[in-house]
Each structure stands twice: as C-alpha cells, then as structure tokens.
Amino acid sequence: MKLVRFLMKLTSERVQVELKNGTVIVGDIISVTPTMNMNLKNVKMTVKDRNPTQLEFVNIRGNQVRLVILPDELNVDRVLTDSMTRPKKTPSTVAPPTRERRGGPRRQPRAF
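The rules behind each value
- Residues numbered from 1 in each chain as written.
- Predicted model: local features only at pLDDT ≥ 70, side-chain atom pairs only at ≥ 80, totals over all residues.
- Heavy atoms only, no water.
- UniProt positions renumbered as here; feature names shortened; annotations may be inferred.
- Helix = DSSP H or I, 4+ residues; strand = E, 2+ residues; numbered from the N terminus.
- Buried < 20%, exposed > 50% of the residue type's maximum accessible area, 1.4 Å probe, protein only.
- Contact = heavy atoms within 4.5 Å.

- The name an unreviewed UniProt entry gives the protein chain is snRNP core protein D1, with Brettanomyces naardenensis as the organism.
- One UniProt comment on the protein chain, placed under Sequence similarities (unreviewed entry), says "Belongs to the snRNP core protein family."

In structure tokens form, the structure reads like this:
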C-alpha cells in the first residue's frame, strides 16, 4: 500500500508533520489528497527558531512534507487490514470499452 493511501484512511487522527523548511505542525487530519496535500484542524505550528502558534485550520502542500509522525496508540494493523479486505474488480464486472472517439460517438453514414 502506498503511504498516501494509508494517510487518506487516517481522518480525525492527531499527527505531527515536519516540513522541508523545518516547520513542525501538529494537528488532526481532516483530509489527504492523492498528491499528499493535507488539511489539518486544531493545529499547533512551530516555525523553526520561533514560538509556537495556534491555528484553527492549515493546508499543507504535499511536496513540502518531509515526514509524518503517527500517534503511538494508532492500531496500524487494523488500518492496513481494512484496506486489504476491499474486493478487487474482476474482468466480468468491468464494463467493455466503448467505441467513441474524442469528438463524441461515431455517426452512421448517410444513405443517399
């Protein structure tokens, strides 16, 4: 499982995020996007060599994240097994491809 998919399942968990510039952010995850952008609430942000700041919400760009520290009481096995129990799509459940082009469905030729 990719790290991003794992983080997407951790909504409402309190995590610590360290950014590439040394800033440390502690907050509750609201959401995580596939590009690892993170939305946190009830945040305590500590910029390097400065006093901590309390914020209600923070959006973090995914490519600025250096590491994410998970809480000790998090049951990682449960989160991983929940993701593994999802049934995979079989070829019989996948719809056959359509014969449409970029401009829309193909028109029938006119009879003169």
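Having seen the model, we can carry on.
### A short note on unusual backbone geometry
The general pattern is negative phi for most residues beyond glycine and trans for most peptide bonds.
And step 1. Despite not being glycine, Ser12 has its phi angle at roughly 70 degrees, a positive value.
And step 2. On the secondary structure map, Ser12 appears in the loop between α1 (3-8) and β1 (14-19).
And step 3. Given a relative accessible area of 56%, Ser12 falls into the exposed group.
And step 4. The backbone of Asn42 sits at a positive phi, close to 50 degrees, despite the residue not being glycine.
And step 5. With respect to the helices, strands and loops of the structure, Asn42 is situated in strand β3 (residues 38-46).

### Re the environment of Val65
And step 1. Relative to the helices and strands, Val65 resides in strand β5 (residues 65-69).
And step 2. Residues Val65 and Asn21 lie 44 residues apart in sequence; the distance between their C-alpha atoms is 9.1 Å.
And step 3. Not counting residues within four places of it along the chain, the set of residues in contact with Val65 comprises Val17, Glu18, Leu19, Lys20, Met36, Met38 and Ile60.

### Regarding the environment of Val43
And step 1. The residue Val43 is located in strand β3 in this model.
And step 2. Residues Val43 and Val58, spaced 15 residues apart in sequence, show a C-alpha to C-alpha distance of 7.0 Å.
And step 3. With residues near it in sequence (within four places) discarded, Val43 still touches Ile25, Val26, Gly27, Thr53, Gln54, Leu55, Glu56 and Val58.

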